[in-house]
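Spelled out, the chains give:
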Amino acid sequence: MGQNSPSTNDGDNSNANSDGTGSYPIRGRFPFKRNPKPAPLPLSKSSNRRRPTVPGGRHFVLRKLFSVRGTSLFYLCILIAVFTFALASMVLQSSIASMVFRQGGGERIGRTVREGLKFGSSLKFVSSMIDRGFEIERARNKPRIGVRSPRLAIILGNMENDPSSLMLFTVMKNLRGLGYMLQIYATEDGKTKSIWEKIVGQVSVLSPENYGHVDWSIFDGIVVNSLEAHNAISSLMQEPFCSIQLIWIIQEDTLSNRLPLYQETGHEHLITYWKNVFRRADVVVFPDYSFPMLYSVLDTGNFFVIPGSPIDVWAAERYLKSHSKSQLRIKNGFGEDDMLVLVVGSSFFYNELSWDYAVAMHNLGPLLTNYAREGDAGPIFKFLFVCGNSSSAYNDALQDIAGHLGLNRDSVGHYGLDGDVDEMLLISDVVLYGSSQDEQGFPSLLTRAMTFGVPVIAPDYPIIKKYVIDGENGIIFSKDKPDELMKAFLLLISKGKLSNFATTIASSGRLLAKNMQASECVSGYIKLLNNVLTLPSESMLPDSISQLPGEWEWDLFSGESDNTAYFIKNDTTSTSVVYDIEEHMTLIMDSRSSENEPEIMAEDIPTELDWVVLSEIDTSEEVERVELEEIEGRTDKSYGVWEELYRDAKKAEKLKSEANERDEGELERTGQPLCIYEIYNGAGAWPFLHHGSLYRGLSLSTKSRRLRSDDVDAVGRLSILNESYYRDILLEMGGMFSIANRVDNVHKRPWIGFQSWRAAARKVSLSSKAERVLEGTVQQKHKGDVIYFWARVDMDGELAGKDHILTFWSMCDILNAGNCRTAFQDTFRRMYALPSYVDALPPMPEDGGHWSNLHSWVMATPSFLEFMMFSRMFADSLDSLHMNSTTATECLLGSSLSEKQHCYCRILELLVNVWAYHSARTMVYIDPNSGSLEEQHPVEDRKGLMWTKYFNASLLKSMDEDLAEAADDGDHPYETWLWPRTGEVHWQGIYEREREERYRIKMDKKRKQKEKILERLKFGYKQKTLAG
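Fair warning: this is a prediction, and the values are worked out from it, not measured in the lab. (Residues numbered from 1 in each chain as written. Predicted model: local features only at pLDDT ≥ 70, side-chain atom pairs only at ≥ 80, totals over all residues. Heavy atoms only, no water.)

Asker: Explain the sheet that holds strand E15 (residues 475-477) to me, and be specific about the residues and the numbers.
Answerer: Pairing is parallel in the open sheet, where six strands are placed in the order E12-E11-E10-E13-E14-E15. Looking along the sheet, the strands with just one partner apiece sit at the ends: strand E12 (412-415) and E15. Averaged over all neighbouring strand pairs, the angle between strand axes comes to 20°, with direction disregarded. Sheet topology note: the strand E14 (residues 456-459)/E15 ladder contains three bridges and is parallel. Each bridged residue has a counterpart across the sheet, and for Ala458 the counterpart in E15 is Ile476. Helix H18 (residues 444-451) contacts strand E10 (339-344), strand E13 (430-433) and E14 of the sheet and is inclined by roughly 155° relative to E14. Strands E10, strand E11 (381-386), E13, E14 and E15 of the sheet are contacted by helix H20 (residues 483-492), whose axis makes an angle of about 165° with E15. (Pairing = 2+ DSSP bridges. Helix = DSSP H or I, 4+ residues; strand = E, 2+ residues; numbered from the N terminus. Axes fitted to C-alpha atoms, helices over the stretch in contact; angles between N-to-C directions. Contact = heavy atoms within 4.5 Å.)

Structure representation (structure tokens):
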């Protein structure tokens, strides 16, 4: 699918935008046309509807870069080509100098392309994605315990029955066959919803207010189709979703047509906005090699091209259904016996294609001489050149050259690419591809010609030979041997008409074109996912490519259509999100400029008399102010009672220290025995957080705290969370450390609980009924060694239903890249300084009971502090295993990028189960829906299995004091010692030092007071003078 496909202007209908014409809107097939009437900014939807559509006039990208040089240059190029055969042959036989067009060159594209692209050279796009390793293929060589399918979210910008939907459906159906689990989201309902439901089941239609209520973190990757899904991408630009791999497929040229106008009119804010949106995607995928050039101003190094789309075949087939070849011939003044040879070329810089067509005429010299001579009585051969625009300059030049060569003036014609090129392709008998540009993508004009059943002749470029078999699907001639063109032409002509051989080639070419690039497109997306996705530890790997489909899913889509339903041309100029954003942001900028630059009316300009009056007023006010100050200075004033002044000052200071206003939940929380802290790490988690007296937010980032709430700032309470590395590897456990750090300053209740924002996002948070049950239970138990939890491991049931029951440690291994037991054992041994021959992996029962997950539990506050004391030492020992001198080594507890970023999170998430089990805590599971309570792993059944000696509170306290003493003495085991930075550092020596310091301050104060009294007794009281 190249960029040289024709525009879809209807030949029979003067209104190209009317419905039911058989014309299908194709993305910018000719991106380098000059646009004589660009749409102005700002542009509203209403103005879009009123704007007349100029055929081909939308494509004005790079208009400054590639302008027409004039008729004289066109004449000169053709004359040089015709009369300097030797020179042209030498140029054609020379090696092709390839100019590589790389990303990030939007600002330099004009200069580099104009200077670098010479005659006979090629334009090549090279993506930086080729430098990335194949993550999934690399993972196949490592041991893995996968228990679920890899998950992909597909976000559809629309569900219209169009070629882009056909392409995406074909790709996704094959991905599902490889083992991917797909979840489809759509920004609006559409005709193809039933088709998508056939392969994935339910399709969720998202309204704009629901974009933020989807837990995107459960997916291993997200594929977004179309610019129209822009709003969904905006919800993925916030934590905690901004690190999920995102692939954005863009098949429209709506935005690319507006970018040059943004630059010309100075709307840089729109370019900056879209560049930030494009930067969010890990990969931006285009279906054609011209698109990276069109969007180059937005390139951030993530552009990628996967060629292959049914758009040309789709448009050509529907054009055939609504047009007759014979009628179009009559309309254009051609007879039924006329032999029409259509010469097409590259669409790149088509306004400056003099070289292409000069060489084409040179190569066609013998043909023109034999079949287009003046006065020939045989069959009428007409050679039609499709190039440039519809201006008369091109046609006049061709006619003049035809006259100089002694050719029949009617035998040579010119048609512009801004016209209905489909019409010319359909009425032609032979299509000759005469471009000198070796393009990367298959020329889409040839695809359409083959779909129309027209035999094609093309030079032996690699992209042509890749798909077309010489003598079977078309005729291929050597570009270095112009005489072969005559031989190829003679094979297709017999007695002034198409030969049987030409008919056979045309029929075979039509079959080839229908599904020509289907397998390449599907394999391209499969390889891209293998390249980009890094699957988590619990995910199975997709199957390898065994057999790729040879065709698009035409049957499913054709069954949903009728002869006219898909001929309707979508008016994207009035409905695209590009114009909505353009209008919205332009209004914002206009309002800001009007506020900054208020309009000054003529009557508002002060006169000289106004300045005199203003001066007199200022003078009188100054005199009054001085008189009042003198009167006030002579009057005695009462400042009130000292106690009231002190109380007011303290109240003002307290109000000033509060960063956020206190909400109703904080007031209702007073006197309650329980508070559950919901831990979150970004504004994207706000929709999943609760409000009310039972819950309080705990933000891991100061900037992402909710507005007008009393959420706890974890960073303010624990400075280590200000470092992104430790905040990421600790995550929720870091929030708990911040609450435990001087807990009396923030939590003074007997019970404390925590819950990750993911619990609500995954529908496993407490219901209203379960909340009442939990509150009633803890009110009856003023104290006790009980832990209540409601989010359990394998809540989504992915581990259930297996042939065997997974144990606690096997589940931990699954979640930690198979290294949980090893890491836990090494950490435990280092924490307690155990010798190597002693078993250091605490046993966990296989009784089928539930285990806590997602940090969703409630326990007594003293038990929480004890658990934090254990967790701090465990996290420190775990961190020391991953430290090599002063630098961190690679995380062994994760497979994907996200898992490695949050290295310790999953093992620390399960740590509460080991501590609660072996410290003889009662573990109670509360059903999050019904609120029913069920004890898990009864204490009576644990006798003989618990390692209580390692989890004894006295032992943990002594170990904590030993670490505190080492930290106080500066005896750090390594430079980046984690333990002192995760909470309070306190031991008996610090207590005694603080007591001595307080005693010293007290004695110094007494001494000073005594000295002051003695001085007064000796010298009496001396009052300072007023001037002193």
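Asker: Before we move on, could you go through the packing of helix H9 (residues 254-265) against helix H10 (residues 268-280) and cite the residues and values that matter?
Answerer: Taken N-terminus to C-terminus, the directions of H9 and H10 make an angle of 140°; their axes are 8 Å apart at the nearest point. Classified by the angle their axes make, H9 and H10 are oblique. Contacts between H9 and H10 involve Leu255, Leu259, Tyr262 and Gln263 on the former and, on the latter, Glu268, Leu270, Ile271, Trp274 and Phe278. For the contact of H9 with H10, a count of residues per class yields seven nonpolar, one polar and one charged. (Parallel < 35°, antiparallel > 145°, perpendicular 65-115°, else oblique. Nonpolar A, V, L, I, M, F, W, Y, C, P; charged D, E, K, R; others polar.)

Asker: Summarise the packing of aromatic side chains; cite the residues concerned and give the values.
Answerer: Inspection of the entire model under this criterion finds 43 aromatic pairs. Each ring, one from Phe824 and one from Phe874, has its centre 4.9 Å from the other, and the planes form 45°; the classification is tilted. Of this pair, Phe824 sits in helix H35 (residues 820-832) while Phe874 is found in helix H36 (residues 861-881), placing the two residues 50 residues apart along the sequence. For the pair formed by Phe824 and Phe874, the shared burial category is buried. Lying over the aromatic face of Trp314, Arg318 brings its terminal NZ or CZ to 4.1 Å of the ring centre. Over the ring of Trp979 we find Arg872, and its NZ or CZ is 4.4 Å from the ring centre. (Phe/Tyr/Trp six-rings, centres within 6.5 Å; stacked < 30°, edge-to-face > 60°. Buried < 20%, exposed > 50% of the residue type's maximum accessible area, 1.4 Å probe, protein only. Lys NZ or Arg CZ within 6 Å of the ring centre and 35° of its normal.)

Asker: So what's going on with the pattern of salt bridges? Which residues, and what values?
Answerer: A complete count under the given rule lists 28 salt bridges for this structure. Between Arg448 and Asp422 there is a salt bridge whose closest N-O contact spans 2.9 Å. Residue Arg448 is located in helix H18, and its partner Asp422 is located in helix H17 (residues 421-427); the two are separated by 26 residues in the primary sequence. According to the relative accessible area criterion, Arg448 is buried, its value standing at 0%. (Salt bridge = Lys/Arg side-chain N within 4 Å of Asp/Glu carboxyl O.)

Asker: Which residues make up the pairing of strand E7 (residues 246-249), and what values go with them?
Answerer: Burial along E7 is two-sided: the face carrying Leu246 and Trp248 and the face carrying Ile247 and Ile249 are both buried. Read from strand E6 (residues 221-225) through helix H8 (residues 230-235) to E7, the crossover connection turns out right-handed. As judged from the three bridges shared by E7 and strand E8 (residues 283-286), these two strands associate in the parallel manner. Following the sheet pairing, Trp248 is matched in E8 by Val284. (Right-handed = clockwise from strand over helix to strand, strands pointing away.)

Asker: Report on a nonpolar patch on the surface, specifying residues and quantitative values.
Answerer: Together, Leu609, Val612, Val613 and Ile617 give the surface a local cluster of nonpolar side chains, amounting to about 340 Å² of exposed area. Along the polypeptide, Val612 turns up in helix H26 (residues 608-633). (Patch = residues over 30% accessible without salt bridge, like charges linked within 9 Å, V, L, I, M, F, W, Y side chains within 5 Å. Areas by Shrake-Rupley, 256 points an atom, 1.4 Å probe, with all protein chains shown as cover.)

Asker: So what's going on with the sheet that holds strand E4 (residues 181-186)? Residues and values would help.
Answerer: Strand order in this open sheet of seven strands is E5-E4-E3-E6-E7-E8-E9, and the pairing throughout is parallel. A strand with exactly one partner marks an edge of an open sheet, and here the two such strands are strand E5 (203-205) and strand E9 (303-305). Neighbour-to-neighbour, the strand axes of this sheet turn through a mean angle of 25°, independent of strand direction. Against the sheet, H10 makes contact with E7, E8 and E9, and its axis sits at roughly 125° relative to E7, the strand it touches most.

Asker: Pulling in residues and values, what's your account of the state of the cysteines?
Answerer: Per the stated rule, a full pass over the model turns up two disulfides. Each sulfur in the disulfide pair Cys812 and Cys820 lies 1.8 Å from the other. Residues Cys812 and Cys820 share a disulfide whose torsion about the S-S bond is about 70°; that sign makes it right-handed. On the basis of relative accessible area, Cys812 is assigned to the buried category, the value being 2%. Shown here is the disulfide that connects Cys891 with Cys903, its sulfur atoms set 2.1 Å apart. (Disulfide = S-S within 2.5 Å.)

Asker: Can you tell me about helix H22 (residues 518-532), naming the residues and giving the values?
Answerer: In an α-helix there are 3.6 residues to a turn, and that puts residues three or four apart on one side. Its 15 residues place the ends of H22 21 Å apart at the C-alpha level, agreeing with the 21 Å of an ideal helix rising 1.5 Å per residue. Most of H22 sits inside the fold, with twelve of its 15 residues counted as buried. Within H22, burial applies to Ala518, Cys521, Val522, Ser523, Gly524, Tyr525, Ile526, Leu528, Leu529, Asn530, Asn531 and Val532. Looking at the buried positions of H22, the neighbouring elements they touch are helix H5 (135-139), strand E3 (151-156), helix H6 (163-177), E7, E8 and E9. (Expected span 1.5 Å × (residues − 1).)

Asker: With reference to specific residues and values, describe the nonpolar core.
Answerer: Across soluble globular proteins, nonpolar side chains have a tendency to be buried as a group. Ranked by size, the top nonpolar core spans 88 residues in total, and within it Ile739, Phe754, Trp857 and Phe864 carry the most contacts. Top contributing element to this core by residue count: H36, with nine residues. Ignoring anything within four residues of it in the chain, the contact list for Phe864 reads Met736, Ile739, Ala740, Ile752, Phe754, Trp857 and Met859. Judged by nonpolar contacts, the second largest core, of 51 residues, contains Ala232, Val277, Phe286 and Trp757. (Core = buried A, V, L, I, M, F, W, Y, C linked by side-chain atoms within 4.5 Å.)

Asker: Go over the confidence of the model for the protein chain, please, and point to the residues and values.
Answerer: Confidence in the prediction of the protein chain, expressed as mean pLDDT, is 78, and 73% of residues score 70 or more. The model gives residues 349-355 a pLDDT under 50, and that stretch makes 30 contacts with residues more than four places away or in other chains. In this model residues 657-662 is a low-confidence stretch, pLDDT under 50, and it forms eight contacts with partners more than four residues away in sequence or in other chains. (pLDDT = per-residue confidence, 0-100.)

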